[in-house]
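Chain residues, written in single-letter form:
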Amino acid sequence: MRMGMRRFTRLTNAFSKKCENHEHMIALYYAFYNFARVHQTLKTTPAVAAGIADHVWTLTELVGLLDRVEARATGTDSN
């Protein structure tokens with residue numbers, strides 16, 4: 001994970017100064033790694049290989065999840 005995320009290297013602009021921002025970035029990285037990134041050895045994502053997802057997610061779908069969570073938190077969810 002350290003090689004894939006520059007936030008773990010202190011001498012870069014992407015270094016997280018706040019723990020909360022760091023936690024959010026790790027969550028986004030794990031979601032992308034497991035649901036959107038096609039792995040060379042699997043030829044698909046780990047989530048599809050495990051049967052958790054039925055397709056490779058796009059970044060738009062990941063951002064859509066954030067929008068839904070924010071809408072529920074503010075009480076503006078239409079579902």
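Our subject in this report is the structure included herewith. (Residues numbered from 1 in each chain as written. Predicted model: local features only at pLDDT ≥ 70, side-chain atom pairs only at ≥ 80, totals over all residues. Heavy atoms only, no water.)

A few words now on the environment of Thr45. With respect to the secondary-structure elements, Thr45 resides in the loop between helix H1 (19–36) and helix H2 (46–50). Taking the C-alpha atoms as reference points, Thr45 and Trp57, 12 residues apart in sequence, are found 8.9 Å from one another. Reaching out from Thr45, the side chain makes a polar contact with the backbone nitrogen of Val48 at a distance of 3.2 Å. (Helix = DSSP H or I, 4+ residues; strand = E, 2+ residues; numbered from the N terminus. Polar contact = N/O pair within 3.5 Å; in protein donor to acceptor, adjacent residues only side chain to side chain.)

For the rest of this paragraph, the subject is the packing of H1 against helix H3 (residues 59–74). Contact geometry for H1 and H3: axes closest at 11 Å, N-to-C directions at 135°. For the element pair H1 / H3, the angle class is oblique. For H1 against H3, the interelement crossing comes out right-handed. Contacts between H1 and H3 involve Leu28, Ala31, Phe32 and Ala36 on the former and, on the latter, Leu59, Leu62 and Leu66. (Axes fitted to C-alpha atoms, helices over the stretch in contact; angles between N-to-C directions. Parallel < 35°, antiparallel > 145°, perpendicular 65-115°, else oblique. Left-handed = near helix turned anticlockwise from the far one by under 90°. Contact = heavy atoms within 4.5 Å.)

Looking now at the packing of aromatic side chains. Considering all chains together, one arrives at three aromatic pairs under this definition. Here the aromatic rings of Phe35 and Trp57 are separated by 4.7 Å at their centres, their planes lie at 40°, and the arrangement is tilted. One end of the pair, Phe35, is in helix H1; the other, Trp57, is in the loop between H2 and H3, and 22 residues separate them in sequence. Linked through ring pairs, Tyr29, Tyr30 and Tyr33 together constitute an aromatic cluster. (Phe/Tyr/Trp six-rings, centres within 6.5 Å; stacked < 30°, edge-to-face > 60°.)

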